[in-house]
Structure formats: structure tokens, C-alpha cells
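# Geometric and topological summary
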Amino acid sequence: MKSGLRHILSTFLFLPFLALLFNGCTVKTNDVAKMSWQGKTYQGQTLHGKPDGLGTLSNGDSIIYSGIWKNGLRQGKGWTLDSLGNRIDGVWNHDTLTSGVRRDSAGLYKGDFNRQLQANGYGTLIDNQSTLYEGFWQKGSRRGFGFSSQHRFFRVGEWKDDVYKGERLNYNSSRLYGIDLSKYQHVKGKHRYGIDWSRLRITHLGTLSKKNVSGHVNYKISFIFIKSTEGSSMLNPYYLSDYAASRKHGYPTGTYHYFTHRSSGSQQAAFFLSNSCVAQNDLPPVLDLELLPSQIRKMGGVTVMWQNVRAWLRTVERRTGKRPILYISQTFVNRYLDSAPDIKHSYPVWIARYGEYKPDIKLKIWQLAPDGRVDGIHGAVDINVFNGYKIEF
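To start, this report covers the structure provided alongside it. (Residues numbered from 1 in each chain as written. Predicted model: local features only at pLDDT ≥ 70, side-chain atom pairs only at ≥ 80, totals over all residues. Heavy atoms only, no water.)

### Describing the overall build of the protein chain
In plain terms, the rule: By definition, any uninterrupted DSSP run of H or I lasting at least four residues is a helix, any uninterrupted run of E lasting at least two residues is a strand, and each is numbered from the N terminus. Put simply, the radius of gyration uses C-alpha atoms, and a globule should come to 2.2 Å times the residue count raised to 0.38. In this scheme, a residue with accessible area under 20% of its type's maximum is buried, one over 50% is exposed, and one in between is partly exposed, where area comes from a 1.4 Å probe on protein chains only. Two residues form a contact once any of their heavy atoms are found within 4.5 Å.
Check the secondary structure of the protein chain and you find 7 helices and 27 strands. For 393 residues, the compact-globule formula gives about 21 Å, and the C-alpha radius of gyration of the protein chain, at 34 Å, lies well above that figure. Projected onto its principal axes, the C-alpha coordinates of the protein chain cover approximately 120 × 45 × 35 Å. Across the 393 residues of the protein chain, 44% fall into the buried class. Relative to all contacts within the protein chain whose residues are 6 or more apart in sequence, the contacts with residues 24 or more apart total 44%.

Shown next, in the form of C-alpha cells:
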């Protein structure tokens, strides 16, 4: 029994010595030590055999982390290198980088990171052209809500995989909605339909895209545009009666022309002015520009097209005293509008885009659906929303 007791006591006395031996460190604070584990080397201050204070962890010649440690974990300010060798200065908490600053070929990023040292969460990037993005990131790409500035222009909305998608509106009764009319609200095959002007209310915003709607869709109509002419020879036979009825029922009313490639801009402007009503208190006239690439080629190309568009816009503005609105699609904007910077920056834009996000351009009106529903009108109706509120309208 005595010999067994001595064996047990000697074993318990030897355990603390084994612990110190395997740690390879002293228990004194702020000791500078060099230790290795799992192929990595730590050099710096220690406490109780663990990194504590200032120290550097390396893998061969590559620094993994240099900064403040506490109880063996990265804790506080320090710096590291990402997989591309870019330095990140940041703050760690319990061995995890919580926020930091990184400069690389894209610019200067400041914000949250994930464990793979990618921008993740909320952060800002100022690129080499001094463009600012502030918003959400996921795995190194802009994803989620944010805003950016480029020169004098701002974008606010949502990004997905570094691509700006636009702003998603919340539709409610406080926004200003309008419709546009042509003969197709009266003619369906062999059938003819009238409009019950006393019943007009928007009851559906279309089905081609998702929409965030608050409450029940039963919106008043705040403006109406009516087609009068097309090219230099075609008339909407319902224009005059619809125009008169719209104004009689108190709707702010405007008139639009459908542009074609078969005649010059000056000829089409003259035809529009001879067959349209543009009263002093009317909305501005609209040029509906929907030419196909093949039609633009037949006109002589993009430059010739814009020359004819300018002729229409300037002629109509001079004769009516109102600056016209240009109605175009988002695809048309992307393909052609940069070729006419004077028009892009000088004329208000009404865009047709049947998607979830608001168009990526400075615009006045957004045609958000071609298949909406309106009490008092048979069939589908184009639904538009004004880009602003009552005071701007």
C-alpha cells in the first residue's frame, strides 16, 4: 500500500511538469518566444505558453497574421494577406476578422470580411476612378442593397454578382400612376369597345415581374397619354374623342407620336403637329422611339437615326413651347442612347421596362407593365408610374 501511494503521488506531481514541457513556454507574461505547430511558426509575446500580446504567425516565409493576440487567439488590431497577396489591416475578435481595410487593383475597400478574407457584409469601395460604392457584399462581390456615385451620377438600388440591377419600388397608393391609350384599347379583333371614363381605377399592375405591393391595388389614375399619329401618314381614329374625354374628366393629358423609319424626322413632326392637341396646360408631347436594329440600318445607321430624332424633338419643342419626353425601352437605352449624349442629358425619359427593378437611368416615367388592368377599359393596359411624388409632378 505504501509503495502504491508513493507511485500515485509521484504521478500527480509530475503532471504539471509534463504540461510545461509540452507547451514549451514559461508562465511569465510578455515573454518573447518562438514556437511551432502544424507547420506554422509563431514569434512574439506569450502568456502561460500561449500567444499573448504582440506577435507574428507565419507559414514558411508567408505572414499569416501580425498583430495583437490574447490567450492564443488573434484579438485586436493586426494585419494579414489574402490569397492574392493583398494586405488587410483590420480588427480581430476571437480569431475572426470582423472588419478591415484592403487596397488592391480594384481600389480601397473598407468593411466586413468572411473567413476566406473576401468582402462580405457591409462595406465601401473607392475604385481607381474615384467611384464610391457603399452597401452589401457577398463572397467578394456586390450583392444586395447599396448606392454608388460615378462622376456626378448616383445609383441607388440592388446589386447581384457585381451587376447593378436597379431599385425595387414599393407600390402603394401614395405613388402617382398613369396609363397610355391607343386604338388597341378600343379594338380587339372584330370587336369594338368604349371606355367608361367615370370608372377608371387601376386594379392590377401586371404579371410579367415580381412587385412589392403594400395593401390592395385600387389606385387612382393621375395622368394619361394618348397616341395621335404614327410616321407621316397614320392616325389613331380614337385620339380626338379620347383626348376630349380625358380632359373633360380632369385628367392631366398628353399626346404621343410613334416614330418610324420610313420618313424624316421633320416630316413626322409636321404630321404630328397638324393632327395633335397640345394645350398650354397639357403634359409635354412624347416621341415613342421603338425602332428595330434592321429598321435603324434602313434609315442609314444610328447617327442618321439620331439626326432625325433631333429634328422631331426640336421642331415640336419650338412649335409647342414644351420640351418633349422621349419614350424608349431599357434595351434601346443600353444600345443607343450613349451615342446621343445631348439628348440623353437634355430630354426627360420615359422608359418601358417590364422587370422587377426600376430602370437604370435618370427618368421621369417608368412603364412597368403592358398587361395591367383598369376598371372601365377592356383588356390589357400599359401601367406607368411617375418617378417622384405629387410635388415633383
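From this point, the narrative continues.
### A short note on unusual backbone geometry
Unlike most non-glycine residues, D95 shows phi in positive territory, near 75°. Judged by relative accessible area, D95 falls into the partly exposed class, the value being 27%. For L117, which is not glycine, the phi dihedral falls at a positive 60°. With respect to the helices, strands and loops of the structure, L117 is situated in the loop between strand 8 (107-113) and strand 9 (119-127). Take L117: its relative accessible area is 18%, and that puts it in the buried class.

### Thoughts on the packing of aromatic side chains
Using the following cut-off: Any two rings among Phe, Tyr and Trp, with Trp reduced to its six-membered ring, count as a pair given centres within 6.5 Å; such a pair is stacked if its planes are under 30 degrees apart, edge-to-face if over 60, and tilted if neither. For a Lys NZ or an Arg CZ to count as sitting over a ring, it must be within 6 Å of the ring centre and within 35 degrees of the ring normal.
Scanning all chains against the criterion turns up 19 aromatic pairs. Ring-pair connections join several aromatic residues into one group, and the members of that group are Y109, F113, Y133, W137, W159 and Y164. It is R74 that lies over the ring of Y65; its NZ or CZ is 5.7 Å from the centre. Against the face of W79 rests R87, its NZ or CZ located 4.3 Å from the ring centre.

### Concerning the pairing of strand 22 (residues 253-258)
Going by this rule: Only when DSSP finds a minimum of two bridges between them are two strands counted as paired. A clockwise path from the first strand over the helix to the second, with the strands pointing away from the viewer, defines a right-handed crossover.
Judged by how many residues are buried, strand 22 sits mostly within the fold: 5 of 6 residues are covered. Strand direction decides the pairing type here: strand 20 (residues 223-230) and strand 22, joined by 6 bridges, are parallel. Note on strand 22: the bridge partner recorded for I224 is T253. Taken together, the 3 bridges between strand 22 and strand 23 (residues 286-288) define a ladder with parallel strand orientation. Looking at the pairing, Y256 lines up with V286 of strand 23. The β-α-β motif built from strand 22, the intervening helix 3 (residues 265-275) and the parallel element strand 23 has right-handed crossover chirality.

### Notes on the nonpolar core
Among soluble globular proteins, nonpolar side chains are generally buried collectively. Which entries qualify depends on this criterion: Definition used in this section: a nonpolar core is a set of buried Ala, Val, Leu, Ile, Met, Phe, Trp, Tyr and Cys residues joined via side-chain atoms within 4.5 Å.
The biggest cluster of nonpolar side chains holds 54 residues, and the ones touching the most others in it are I179, I202, W306 and V309. Examining the composition of this core, we find that 6 residues originate from one element, helix 5 (residues 302-320), more than from any other. Contacts of V309, omitting those with residues within four sequence positions, involve F259, L287, L289, L326 and I343. Among the nonpolar cores identified, the runner-up in size contains 17 residues, and L57, A119, W159 and Y164 belong to it.

### Remarks on the layout of surface pockets
Test applied: Only protein atoms enter the 1 Å grid used here, on which a cavity is any set of points holding a 1.4 Å probe that cannot leave and a pocket is any open set flanked by protein within 12 Å on both sides along at least five of seven lines; residues with an atom within 4 Å of a point are listed as lining. Grid points are joined across faces, edges and corners, and a volume is the space filled by probe spheres set on the points. Residues are grouped as follows: nonpolar covers Ala, Val, Leu, Ile, Met, Phe, Trp, Tyr, Cys and Pro; charged covers Asp, Glu, Lys and Arg; every other residue, Gly included, is treated as polar.
The calculated volume of the second largest pocket comes to roughly 340 Å³. Lining of the second largest pocket is provided by 20 residues; of these, D180, S182, Y184, Y256 and D382 occupy positions nearest its centre. If you list the elements that add at least two residues to the lining of the second largest pocket, you get strand 15 (177-181), strand 22, strand 23, strand 26 (365-375) and strand 27 (381-386). Taken together, the residues that form the lining of the second largest pocket break down as 11 nonpolar, 3 polar and 6 charged.

### Remarks on the environment of V349
Examined against the element boundaries, V349 turns out to sit in strand 25 (residues 349-352). Look at V349 and you get buried, because its relative accessible area is 2%. A C-alpha to C-alpha distance of 19 Å links V349 and T303, two positions 46 residues apart in sequence.

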